[in-house]
Amino acid sequence: SDQALQVIAVTSSVPGEGKSFVAANLAVAKVQMGYRVLLIDADMRRPRQHKVWEKANFMGLSEVLVAQADYTAVAQEAIHNLDILTAGTIPPNPAALLDSQRMRALLEEASKDYDFVIVDTPPVTAVTDALIVSKLTNGILLVARPGVVQTDAANAAKMQLEQSGQQVLGMVANGVNASNVYGGYYHSKGYYGMKASEKAEQNGKVPDTAPLLRIGERPGGKG
């Protein structure tokens, strides 16, 4: 609570949970609050940000980390006050590049040039990249999508984050709707396994059918 949250890593337990879209939406939200933001695609194994924003990916983070380019020269403007540093050429060993002094220097320089730096990282149970990057940030945000992540993978991610001593800022429940709020996590026939309408009826209340959270649309309203 006494540390400014300026550089944030975003990850998930497994692929397909929408971490890249959450990172993109978070960046847009910070811009809408009046901040200048840099979004870095540090998932150099399966990069997505250049596809989300429909940008070229000829040069990006990997070129910066091997000293072939300066980040200010290859960062691309996505919208006003939001720049994107794409992943660039996929290297043979991304973890080695991320666990380097150049990566640390990049985040330090970017934090001086921007109000916020958001780093999209690979799933935490797949490779060590997210844990490596998060040590250089103010904290890590975990994305979880019901119906995609299974209990074993979620527990494994939780254990890895705890054992590595990461500063976990919180969890985003992505793609939550009325059909997967109840039962998706609990797998119970009891009270917590009821659907929203059944639970509300038992409580004598009118059910609220509005989704809890909708993250995943592309910036600009594209699906």
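Before reading on, note that the structure itself is shown above.
Attention in this report is confined to the structure presented alongside it. Note that this is a predicted model, so its numbers are computed, not measured.

### Notes on the overall build of the protein
For the protein, the helix and strand inventory stands at nine helices and seven strands. Taken over 223 residues, the protein has a buried fraction of 45%. The long-range fraction of contacts in the protein, counting pairs at least 24 apart against all pairs at least 6 apart in sequence, stands at 78%. Counting every atom, the protein has about 11,700 Å² of accessible surface; 50% of that belongs to carbon and sulfur.

### What about the packing of aromatic side chains?
Under the counting rule described, the total for this entry stands at one aromatic pair. For the cation-ring pair, Lys 30 lies above Phe 116, with the distance from its terminal atom to the ring centre recorded as 4.1 Å.

### Looking at the side chain of His 50
Along the chain, the position of His 50 falls in helix α2 (residues 49–52). Once residues lying within four places of it in the same chain are set aside, the contact partners of His 50 are Asp 41, Lys 55, Ala 56, Asn 57 and Thr 86.

### Observations concerning the pairing of strand β3 (residues 76–79)
Sheet topology note: the β3/strand β4 (residues 82–85) ladder contains three bridges and is antiparallel. Its bridge partner lying in β4, Glu 77 is registered against Asp 83. As consecutive antiparallel partners, β3 and β4 are separated by two residues, and within that stretch Asn 81 has a phi angle of approximately 75°, a positive value.

### Examining the pattern of salt bridges
Applying the stated rule across the entire model yields five salt bridges. One salt bridge in this structure joins Lys 19 and Asp 120, with 2.8 Å as the shortest N-O distance. Note that Lys 19 is positioned in helix α1 (residues 19–32) and Asp 120 in strand β5 (residues 116–120), a separation of 101 residues in sequence. Residues Lys 19 and Asp 120 agree in their burial class; the two are buried. Between Asp 129 and Arg 45 there is a salt bridge, and its shortest N-O distance comes to 2.8 Å. Taken as a pair, Asp 129 in helix α7 (residues 129–134) and Arg 45 in the loop between β2 (37–41) and α2 lie far apart in primary sequence, 84 residues in all. Here Arg 45 falls in the partly exposed class, since its relative accessible area comes to 38%. Connected through salt bridges with shared partners, the residues Lys 19, Asp 43 and Asp 120 form a single ionic network.

### What to know about the environment of Asn 57
When you line up the elements, Asn 57 lands in the loop between α2 and α3 (61–65). Here the alpha-carbon distance between Asn 57 and Pro 47, two residues ten residues apart in the chain, equals 9.3 Å. Dropping the residues within four chain positions of it, Asn 57 is found in contact with Pro 47, His 50, Thr 86, Ala 87, Gly 88 and Thr 89. Within the local environment of Asn 57, its side chain forms a polar contact with the backbone nitrogen of Ala 87, the two atoms lying 3.5 Å apart. One polar contact links the side chain of Asn 57 to the main-chain amide nitrogen of Gly 88, over a distance of 2.7 Å.

### Examining the sheet that holds strand β1 (residues 7–12)
Pairing between the strands of a sheet is mediated by backbone hydrogen bonds and can be parallel or antiparallel. Here we have seven strands laid out as an open sheet, ordered β3-β4-β2-β5-β1-β6-β7, and mixed in their pairing. Edge positions in the sheet fall to β3 and β7 (168–173), since each has one partner strand and no second. Going across the sheet, the axis of each strand differs from the next one's by a mean of 25°, ignoring polarity. Where β1 and strand β6 (residues 139–144) come together, five bridges link them in parallel fashion. By the bridge assignment for β6, Ile 8 is matched with Gly 139.

Rules and cut-offs
- Residues numbered from 1 in each chain as written.
- Predicted model: local features only at pLDDT ≥ 70, side-chain atom pairs only at ≥ 80, totals over all residues.
- Heavy atoms only, no water.
- Helix = DSSP H or I, 4+ residues; strand = E, 2+ residues; numbered from the N terminus.
- Buried < 20%, exposed > 50% of the residue type's maximum accessible area, 1.4 Å probe, protein only.
- Contact = heavy atoms within 4.5 Å.
- Areas by Shrake-Rupley, 256 points an atom, 1.4 Å probe, with all protein chains shown as cover.
- Phe/Tyr/Trp six-rings, centres within 6.5 Å; stacked < 30°, edge-to-face > 60°.
- Lys NZ or Arg CZ within 6 Å of the ring centre and 35° of its normal.
- Pairing = 2+ DSSP bridges.
- Salt bridge = Lys/Arg side-chain N within 4 Å of Asp/Glu carboxyl O.
- Polar contact = N/O pair within 3.5 Å; in protein donor to acceptor, adjacent residues only side chain to side chain.
- Axes fitted to C-alpha atoms, helices over the stretch in contact; angles between N-to-C directions.

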